[in-house]
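Spelled out from the first residue to the last, the chains are:
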Amino acid sequence: MSKSYFIYLDVCCLNRPFDDWSHDRNRLEGEAVIKILKQVKAGKYKLVSSEAIEAELIKMTNLDKFKQIRELLNLVNYQIILNKEIDKRSQELEKLGFSLYDSFHVACAESAKIDVLLTTDDRLLKKAIKYSNILQVKLENPVIWLMNSFLLNGDDENDTH
């Protein structure tokens, strides 16, 4: 039996299934996020969210997307509640150049000992690489992570080999 992953999707990832799929990158990432969410529905992965995600979503101006993302969040298995330790860690990450919301997402994921924080945000991924020695959570693009999880675990039901 393969590992059940605890996954944190940042707001960029949650948006991706509803972005313009005429761009190849958006389509690939959107399909990867949908595949991951199907695995959550099947009980294979555990989806973790946080109050930081809720706070970032409130800023959305596209109400259709907001409603669709709220639907996705019905799949959440665990909700991280912000606390002093998360706030302190977020401030440390901000001093390193992480944005306010990114610092909270990383701090939340670290606090909950998430297996992977998935993001489509290149700036966040570059920061994560730069500071990988001090981060306590793995950050990955959903396409790359999904491909690697299939390779490592043979998880793809469409694999014919």
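Notes on the structure in this doc start here.

Definitions and cut-offs
- Residues numbered from 1 in each chain as written.
- Predicted model: local features only at pLDDT ≥ 70, side-chain atom pairs only at ≥ 80, totals over all residues.
- Heavy atoms only, no water.
- Helix = DSSP H or I, 4+ residues; strand = E, 2+ residues; numbered from the N terminus.
- Rg over C-alpha atoms; globule rule 2.2 N^0.38 Å.
- Buried < 20%, exposed > 50% of the residue type's maximum accessible area, 1.4 Å probe, protein only.
- Core = buried A, V, L, I, M, F, W, Y, C linked by side-chain atoms within 4.5 Å.
- Contact = heavy atoms within 4.5 Å.
- 1 Å grid on protein atoms, 1.4 Å probe; cavity = no way out; pocket = protein on both sides within 12 Å on 5 of 7 lines; lining within 4 Å.
- Points joined across faces, edges and corners; volume = space filled by probe spheres on them.
- Nonpolar A, V, L, I, M, F, W, Y, C, P; charged D, E, K, R; others polar.
- Pairing = 2+ DSSP bridges.
- Axes fitted to C-alpha atoms, helices over the stretch in contact; angles between N-to-C directions.

1. With respect to the overall build of the protein chain
Along its length, the protein chain carries eight helices and five strands. Listing each helix as α and each strand as β along the protein chain from the N terminus yields β-α-α-β-α-α-β-α-α-β-α-β-α. Over its C-alpha atoms the protein chain spans a radius of gyration of 15 Å, differing by no more than 12% from the 15 Å that the globule rule assigns to 161 residues. When its C-alpha atoms are laid out on the principal axes, the protein chain stretches across 45 × 35 × 30 Å. The proportion of buried residues among the 161 residues of the protein chain is 46%.

2. Points about the nonpolar core
One finds Ile7, Tyr8, Leu9, Val106, Leu139 and Trp145 to be the most contacted residues of the largest nonpolar core, which totals 46 residues. Beyond its immediate sequence surroundings of up to four residues, valine 106 is in contact with Leu93, Phe98, Leu117, Leu124, Leu135, Val137 and Leu139.

3. Quick notes on the layout of surface pockets
In this structure, the largest pocket encloses a volume near 150 Å³. Counted by class, the lining of the largest pocket contains two nonpolar, two polar and four charged residues.

4. Overview of the sheet that holds strand β4 (residues 116-118)
Read from one edge to the other, the open sheet built from five strands follows the order β3-β2-β1-β4-β5, with strand pairing classed as parallel. In this open sheet, the two edge strands, each paired with only one partner strand, are β3 (78-80) and β5 (138-140). Direction aside, the axes of adjacent strands within the sheet are offset by 30° on average. Relative to β3, strand β2 (residues 46-50) runs parallel, the two being bridged by three bridges. For valine 48, the partnering residue across the bridge sits in β3 and is tyrosine 78.

That is the geometry; function is a separate question.
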